[in-house]
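Inside the fold
Listed below are the residues making up each chain.
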Protein chains: 4
Amino acid sequence: MTASWLGPGKASAVALTFDVDAETGVLSMGEKYARHAMTMTHQAFGPDVGVPRILGILRELGVPATFFFPGWVAERRPNLVARVVEAGHEVAHHSYSHVPATSMTFAEERNDFERALEVFQKQDVPVYGHRAGLWEASWQTASLVAEYGLAYDSSMMNDDRPYHVPTERGDVVELPPHWSLDDWEQYAFLPAPQIGSIIEDPQKVLSMWKYELDAMRRYNSLFMLTNHPFLTGRPGRAEALRSLIEYGMSHGDVEFLTCREIAERAKADTSLATRPLEQPEIEPGLFPSE
Amino acid sequence: MTASWLGPGKASAVALTFDVDAETGVLSMGEKYARHAMTMTHQAFGPDVGVPRILGILRELGVPATFFFPGWVAERRPNLVARVVEAGHEVAHHSYSHVPATSMTFAEERNDFERALEVFQKQDVPVYGHRAGLWEASWQTASLVAEYGLAYDSSMMNDDRPYHVPTERGDVVELPPHWSLDDWEQYAFLPAPQIGSIIEDPQKVLSMWKYELDAMRRYNSLFMLTNHPFLTGRPGRAEALRSLIEYGMSHGDVEFLTCREIAERAKADTSLATRPLEQPEIEPGLFPSE
Amino acid sequence: MTASWLGPGKASAVALTFDVDAETGVLSMGEKYARHAMTMTHQAFGPDVGVPRILGILRELGVPATFFFPGWVAERRPNLVARVVEAGHEVAHHSYSHVPATSMTFAEERNDFERALEVFQKQDVPVYGHRAGLWEASWQTASLVAEYGLAYDSSMMNDDRPYHVPTERGDVVELPPHWSLDDWEQYAFLPAPQIGSIIEDPQKVLSMWKYELDAMRRYNSLFMLTNHPFLTGRPGRAEALRSLIEYGMSHGDVEFLTCREIAERAKADTSLATRPLEQPEIEPGLFPSE
Amino acid sequence: MTASWLGPGKASAVALTFDVDAETGVLSMGEKYARHAMTMTHQAFGPDVGVPRILGILRELGVPATFFFPGWVAERRPNLVARVVEAGHEVAHHSYSHVPATSMTFAEERNDFERALEVFQKQDVPVYGHRAGLWEASWQTASLVAEYGLAYDSSMMNDDRPYHVPTERGDVVELPPHWSLDDWEQYAFLPAPQIGSIIEDPQKVLSMWKYELDAMRRYNSLFMLTNHPFLTGRPGRAEALRSLIEYGMSHGDVEFLTCREIAERAKADTSLATRPLEQPEIEPGLFPSE
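Quick notes on the rules
- Residues numbered from 1 in each chain as written.
- Chains lettered and ligands numbered in written order.
- Predicted model: local features only at pLDDT ≥ 70, side-chain atom pairs only at ≥ 80, totals over all residues.
- Heavy atoms only, no water.
- Buried < 20%, exposed > 50% of the residue type's maximum accessible area, 1.4 Å probe, protein only.
- Helix = DSSP H or I, 4+ residues; strand = E, 2+ residues; numbered from the N terminus.
- Pairing = 2+ DSSP bridges.
- Contact = heavy atoms within 4.5 Å.
- Buried area = accessible area lost by both parts, 1.4 Å probe.
- Salt bridge = Lys/Arg side-chain N within 4 Å of Asp/Glu carboxyl O.
- Polar contact = N/O pair within 3.5 Å; in protein donor to acceptor, adjacent residues only side chain to side chain.
- Nonpolar A, V, L, I, M, F, W, Y, C, P; charged D, E, K, R; others polar.
- Phe/Tyr/Trp six-rings, centres within 6.5 Å; stacked < 30°, edge-to-face > 60°.
- Lys NZ or Arg CZ within 6 Å of the ring centre and 35° of its normal.
- Core = buried A, V, L, I, M, F, W, Y, C linked by side-chain atoms within 4.5 Å.
- Axes fitted to C-alpha atoms, helices over the stretch in contact; angles between N-to-C directions.
- Parallel < 35°, antiparallel > 145°, perpendicular 65-115°, else oblique.
- Left-handed = near helix turned anticlockwise from the far one by under 90°.

1. Let's talk about the pairing of strand β1 (residues 12-19) of chain C
Residues and elements named next belong to chain C. Counting buried residues along β1, 8 of its 8 residues qualify, which places the element largely inside the surrounding structure. By the alternation rule, side chains of β1 split into S12, V14, L16 and F18 and A13, A15, T17 and D19, which are all buried. Examined bridge by bridge, β1 and strand β9 (residues 254-256) share 3 bridges and lie parallel to one another. Bridging across to β9, V14 finds its partner in F256. Examined bridge by bridge, β1 and strand β8 (residues 222-227) share 6 bridges and lie parallel to one another. The partner of V14 across the bridge, within β8, is F223. Of the pairings in the sheet, the one linking β1 to strand β2 (residues 66-69) comprises 3 bridges and is parallel in character. By the bridge assignment for β2, F18 is matched with F67.

Written out as structure tokens, the structure reads:
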């Protein structure tokens, strides 16, 4: 009998994750946006107002969460990561610069990856997992994660349960996210850079995510919620998040876990799928090359 | 008295169709996306997780469906098409590469068309109909469909009932789809390639499609639903699909049919419209030519 | 005491207008789209299926409407305009090619304007009013309307009641439309040309337009509804239109009128605003010129 | 004991603000749009029909508001600002041209800033605060505000309560707005320039903003509503605004204030945050530079 990643009697697990991108969320689209005062303050709202507010909600409800920090953000606000750790939450690796690995060489990606690790080390914060900036991992990202001894990655989308990824440097666990459980598509709006085209009602988002949680209970999926404090830290959205958590807690069969806890359980669960990550070979001329 | 494409006492027919585009859904927009690991896994979710889940729902509810496969996808996952056939569903031709025929010469389109047929032949899977990648048929597509002995096409939008298309190579039946009964516009989101700008609540989609089905019962239309397993295979959307099917089944006057069944009935129904497909002649200089 | 454009005891008037753009709706964005079979059939749905369906609803409910035809569409489907006239509705001038006047010289606009008039004359169809393609009138459009003896234009947006426009060639009445009472923003979707990014639920649109009608009853506005048969001719949307009309009819204080009727009443109503149409003078260098 | 920016027993304050951009809203995106008659009239609706309608609602409900005028608009419609002042509302500085300061040199921004001040002076209208066009302030905007003796700015987004901004020229109060309390993202639609992609139901917006107000009462935030008369002056949206105000008034713990009143109270409230505005230093090569 194999260990199960889901606790006894549990139908689904919720990972509350917060990507604290702050300014890197737009700087990774162009350094020129540093000149845009409103845009920079729009992003700064995340760490400066959003994170404390979210920490308050998590404390009130007594649930754990995982905060993914770009190294750049951790470096510039040295007390921020410590505050998250003190509140009992997990801190994880979200690249250094938030620039997508798909726009880098592998050497550049490694360099960016290491640089973030150094920041966390200097701040004495242990990290167990990684998420690519914008989820835009390369095909080598998983082996970097293994090489540096992290337990999990959270960037791939070919499942809605944890799965095993074999790499040249050892196995890692993938904790797959998805756009439909991300606040970006629902709330993001900025004219420069243009990061969204509409702003949805938090009540729509709450209703949609409750519906998704119920469906995931049917399929024993991982409810991997990705929120951004610069978005969900706003009052109405924060209250919708509170209601979502309360809804999940009201079911006896849903547990709230950190990514690390899920990864450790998943590692021992041999019933989960194994999915190697390999770039598909493309026949020249078959698809447009422009 | 002519045969009727709708069964006795039936007000509308539902064709549940699934376009299993997998990676071709984005590779057909640029081969460079093969480098994007998250994007490729996002698409792989369709055949690897979505199709089995959808097959489960169809089995539980006892309704037939039609799965449109690009030849490229059938070739790379040799057991997938067989699994669909064994479950009692129809498999149909969805081009080889999913590259729009409007971006090809006619010779290129023919080559792509034949190549997919060869894949299905090699896998011993009979196909009866065709749908253009992205529905972007050329003006010659229907005659290709006739030439290769298929019974129907499902790419044109000038009716919401089946109709007859005369071609140089014989008549085919058109089973018209429409954007409003497609999950792409409701759920698709990716930053690279940018395939959508918002993610809708499955409850909105369910409500809209129930409303459409009721309206189609009034007009005796064909409810041609086009879903993509990489989208609708996600838990909340899969449950919305289940509810939609249950809603249709709760009406006594709605039947669920494969495309082949509808095409065969429509072929014998001379009361349906005949609509030749001809490129409009354009007066030079009248419309912008840039 | 001045005549009033609103009938005695009426709080608002509804003008149901249908822009039968057919293929010109996309050809005016590029003649290359003539090669796109699906796109052309998507547009052809309007005159071929949508218009008969809408005429049926109007007949059942007993309300009049105004159909705006590009001359190109009237010319290619010679029986279509006659059918609308026989059903008792108004036919109006919607340019010849649907190409925006803002992309033409004034001579080109005049030529396009006259060419449409000739089509209507040849078909023996009297027209009383005009609407610019895409509402993209030039600053001279109103004087063309006056010069050719038409009573009204319906392209400008600086009021929600009819108003008087003085021109060098005489006065015309403006019957202002608005994007928020147009089905395009709610329903249009095509990838090439990209004409929309989301498809809304007809139930949302119905609810929004009922709310607007109630608000317009408060402000005595003109409910100028602009629908496109290639969009609203689809079953669910057609039924939402039916429900909207029934809702308006259920109020004793709303009347349904053709544009011609409204223009004639407005012409005699001196209490309505007079708004000259003049291009603002722009100081060089003040606004970006690229 | 420090003075509080919120009145005794109050949980939140509402600032109703109206940006009367009129034609500058699109001319600031390109002077060529002056040739587009429909677009210009679409914008003119704001001052010509929207402002009177909104003034009527404010009068009926007895609440104060703040109207931000670009100098260009105030100059071209000399009676408009006076009418707002006579109705008892605040008038504030919204640049001269509405061109974003982020596209200007500092000298150009100062020139534009002064030019608007001269218009208000010539019309004998005192102004106490400033909002950047499109909120696109530069990093020097706050010091301009201080230098010219204004009390507050309303363009930055790093808080949802008022805060103190130290500048070289003295302190100012920031009254932060946000995209989620702006009608632009919900209602704006134009094809040229393309200023939006969908039109939302005023009932959605009303529901979302009521939800936000309730959440802000929990967090003691400033409900800084930014509306545009060319959008919210339309009947349905105006009625939704009326309902929103009535909803706020129905709570005993919400007060409606002008921006000036809030700024004066905030200035004396030392418990509010102090947030210097400084451009982040960017390491060369870290972020994309193109």
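2. Brief notes about the interface of chain C and chain B
Across the contact, 50 residues belong to chain C and 45 residues belong to chain B. Taking both sides of the interface into account, the surface hidden between chain C and chain B amounts to around 4000 Å²; carbon and sulfur atoms contribute 58%. Salt-bridge contacts for D160 of chain B lead to R53 of chain C; the nearest nitrogen and oxygen are separated by 2.8 Å. In this assembly, chain C and chain B are joined by 19 residue pairs in polar contact (both at pLDDT 80 or more). When residues of the side of chain C that touches chain B are traced back to their parent elements, those giving at least two are α1 (24-27), α2 (37-61), α3 (71-76), α8 (202-219) and α10 (235-250) of chain C. With 13 residues, the top contributor of residues to the side of chain C that touches chain B is α2 of chain C. The residue makeup of the side of chain C that touches chain B, split by class, is 24 nonpolar, 12 polar and 14 charged.

3. Quick word on the packing of aromatic side chains
Tallied over the entire structure, the rule returns 24 aromatic pairs over all chains. In textbook terms, an aromatic cluster arises when at least three aromatic residues are bridged by ring pairs, as seen for W135 and W179 of chain A together with F189 of chain B. Positioned above the aromatic ring of Y128 of chain C is the side chain of R260 of chain C, whose terminal nitrogen or guanidinium carbon lies 3.6 Å from the ring centre.

4. Thoughts on the interface of chain C and chain D
Every contact between the two is made by 44 residues of chain C and, on the other side, 49 residues of chain D. Here chain C and chain D share an interface that buries about 4000 Å² over both sides, 58% of which is from carbon and sulfur atoms. Looking only at chain C, the three residues that lose the most surface to chain D are Y211, Y219 and F287 of chain C, adding up to 17% of its buried area. Counting every contact that joins chain C to chain D gives 5 salt bridges.

5. A few points about the nonpolar core
Ranked by size, the top nonpolar core spans 340 residues in total, and within it F67 of chain A, F67 of chain B, F67 of chain C together with F67 of chain D carry the most contacts. Apart from residues lying up to four places away in sequence, F67 of chain D is in contact with F18, V20, V51, I54, L55, L58, V84, H89, E90, V91 and A92 of chain D.

6. Regarding the packing of α2 of chain C against α10 of chain C
Residues and elements named next belong to chain C. The geometry of α2 relative to α10 is characterised by a closest axis approach of 11 Å and an angle of 25 degrees between their N-to-C directions. Judged by the inter-axis angle, α2 sits roughly parallel to α10. The two elements α2 and α10 cross, and the hand of that crossing is right-handed. Contacts between α2 and α10 involve R53, I57, L58, E60 and L61 on the former and, on the latter, P235, A238, E239, R242, I245, E246 and M249. Class assignment of the residues belonging to the contact of α2 with α10 gives a composition of 7 nonpolar, no polar and 5 charged.

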